[in-house]
Amino acid sequence: MSGVLQGKRAALLLLTSVELVVFLDVSIVNVALPAIGAALGLTVVGLAWVGTAYQVTFGGFQLGAGRATDILGRRRMFQIGLAVFTFASLLAGLAAWDWMLIAARALQGVGAAILIPAELSLLTAIFTDPAAHRRAFGWWSAMGAVGAAGGVVLGGLIVELLSWPWIFLINVPIGVVGLFLSGRLLPADDVPSLAGVRARLDVPGIVTGTAALLLLVYVVTIAAEGDLDALTLLLGVVGAALAVAFVVVERRSDDPLLPFRFFRNPDITGSTLASVIVGAAHVPAFVFLALYFQEVRDYTPLESGLAVLPIAVVNLIVSRTLIPSALAAWGPRMVLTLGMAFLAAGLLMMSRLPVGADFLTDYLPAAVVFAVGLPAVFVGSTIPAVKAVEVHETGVISAVVNTAQRIGAGLGIAVLAALAEARTDAVDGPSDAFAVNEGFQLGFLGAGLLAVVGVLIGIWLIRRGRALDEHSPDTPAEDDETMKPADADA
């Protein structure tokens, strides 16, 4: 039994380590952009695409990758995704031209899109005991939150101690080791027949769905950067038309890519809506924090990253100590609701940060409250949806939840950044820093109000989920009854 437990722990370490790298790569490049621009001669638009290319493909390919995970196998898709991500990281680190770096970042996003649904599906399949399942998802939520918070810190250290290519090259040995260990640590897949794969892949649905997501995520991301023009709007219209075509294709398919029956389940609908809010609230918050410390407090990029480090530290502590017990006591819907409440409180506290804020008394309490809520909303917006479907459907449903979060992040940045900029332009204050800070305060306030909407979604989930819990083996009470000491530390 101890050998099985050790193997599960090793598998969890592998899966969460890869997830940390994937989410670090969303933000780790930000602090390195000036050095990248100087080395490759990138314009401001080109530098923006170093981040945009990753975000667009990361969000656009997840739905098809999730379905492929359910059909082709969890371990196989994890290995394919990790191989693509590792190879793309090597290309990015060796890039000698701007187009090569941007193409490599887009390929990294494809690898990430394949990895995330496979990881979540593997976690669900490996950790079947309720207590072990809670702890595994607690660690998973911690790595996502730490990746979001820690990218700027790690990027600053790597650029300062080594050079910008190493923010990508550091992924290569991690990927190689992960590929080597995956065959030993992760459960084998049932090998499907080629005819069965072709029949179940729903190629028309994958083509229309992926194309629609790519275009819509692209438009949302461009809007977040303030570069929305006529061509981008036209692409948005095309993306919407493809989304309509996708719905028509799926309704006629015998084995659809995304069965719409899923959304008759309130846990799936609620998780998807909550994921949009999670992305729209927390991603803009990190953007505003980085800008606040650099543009208002005059911190260096590295100092700005270090200022965010307490959020990552609290994330880890909460995920390891509080999240599993909270899931056992109250269930994921209540954890989501409480997490949204903490997130809202922290963001509303940040909306009152003055120009001359004291780090310990003004900022740190808000950061701690925000950090307590962050892992709770990650795990609380994922578990209800994943547990609402059969194990063989967890790949596609986890892709839906994560794609919703990516779209929410783009929308949140676009709307809140526009509000912040408009507020800054309208303020006639004693200094430029004062006007800029007024804009950031409005941005934090908007993010906090979005989190309040998340609280309402959580309350709705709790009420709608009571009837489901009466017939579900996933209630907190039953989790406690089935807790097994052998898996307690998984």
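Bear in mind the structure is a predicted one, so any value in this text is a computation, not a measurement.

A. Up close: the environment of Thr124. Topologically, Thr124 is positioned in helix α6 (residues 98-126). On the basis of relative accessible area, Thr124 is assigned to the buried category, the value being 9%. For the pair Thr124 and Gly395, spaced 271 residues apart in sequence, the C-alpha separation works out to 9.8 Å. Among all residues touching Thr124, those that are not within four sequence positions of it are His133, Phe137, Val386 and Thr394.

B. Summary view of unusual backbone geometry. Here Asp298, not a glycine, exhibits a phi torsion of approximately 60°, which is positive. By the secondary structure assignment, Asp298 is in the loop between α13 (266-296) and α14 (301-321). On the basis of relative accessible area, Asp298 is assigned to the exposed category, the value being 63%.

C. Just the nonpolar core, in detail. Grouped together as the largest cluster of nonpolar side chains are 82 residues, with contacts concentrated most on Val22, Phe78, Ile311, Leu347 and Phe370. With 18 residues, the next largest nonpolar core counts Ile36, Leu42, Met100 and Leu101 among its residues.

D. How the structure looks around the environment of Arg464. You can see Arg464 is positioned in helix α20 (residues 432-469). Judged by its relative accessible area of 43%, Arg464 is partly exposed. For Arg464 and Pro266, which are 198 residues apart along the polypeptide, the C-alpha to C-alpha distance reads 6.5 Å.

E. Layout of the packing of helix α5 (residues 74-94) against α6. The geometry of α5 relative to α6 is characterised by a closest axis approach of 7 Å and an angle of 155° between their N-to-C directions. Looking at the two axes, α5 sits roughly antiparallel to α6. In this structure, the crossing between α5 and α6 has a hand that is left-handed. Taken together, the residues of the contact of α5 with α6 break down into 21 nonpolar, 5 polar and 3 charged.

Rules used throughout
- Residues numbered from 1 in each chain as written.
- Predicted model: local features only at pLDDT ≥ 70, side-chain atom pairs only at ≥ 80, totals over all residues.
- Heavy atoms only, no water.
- Helix = DSSP H or I, 4+ residues; strand = E, 2+ residues; numbered from the N terminus.
- Buried < 20%, exposed > 50% of the residue type's maximum accessible area, 1.4 Å probe, protein only.
- Contact = heavy atoms within 4.5 Å.
- Core = buried A, V, L, I, M, F, W, Y, C linked by side-chain atoms within 4.5 Å.
- Axes fitted to C-alpha atoms, helices over the stretch in contact; angles between N-to-C directions.
- Parallel < 35°, antiparallel > 145°, perpendicular 65-115°, else oblique.
- Left-handed = near helix turned anticlockwise from the far one by under 90°.
- Nonpolar A, V, L, I, M, F, W, Y, C, P; charged D, E, K, R; others polar.

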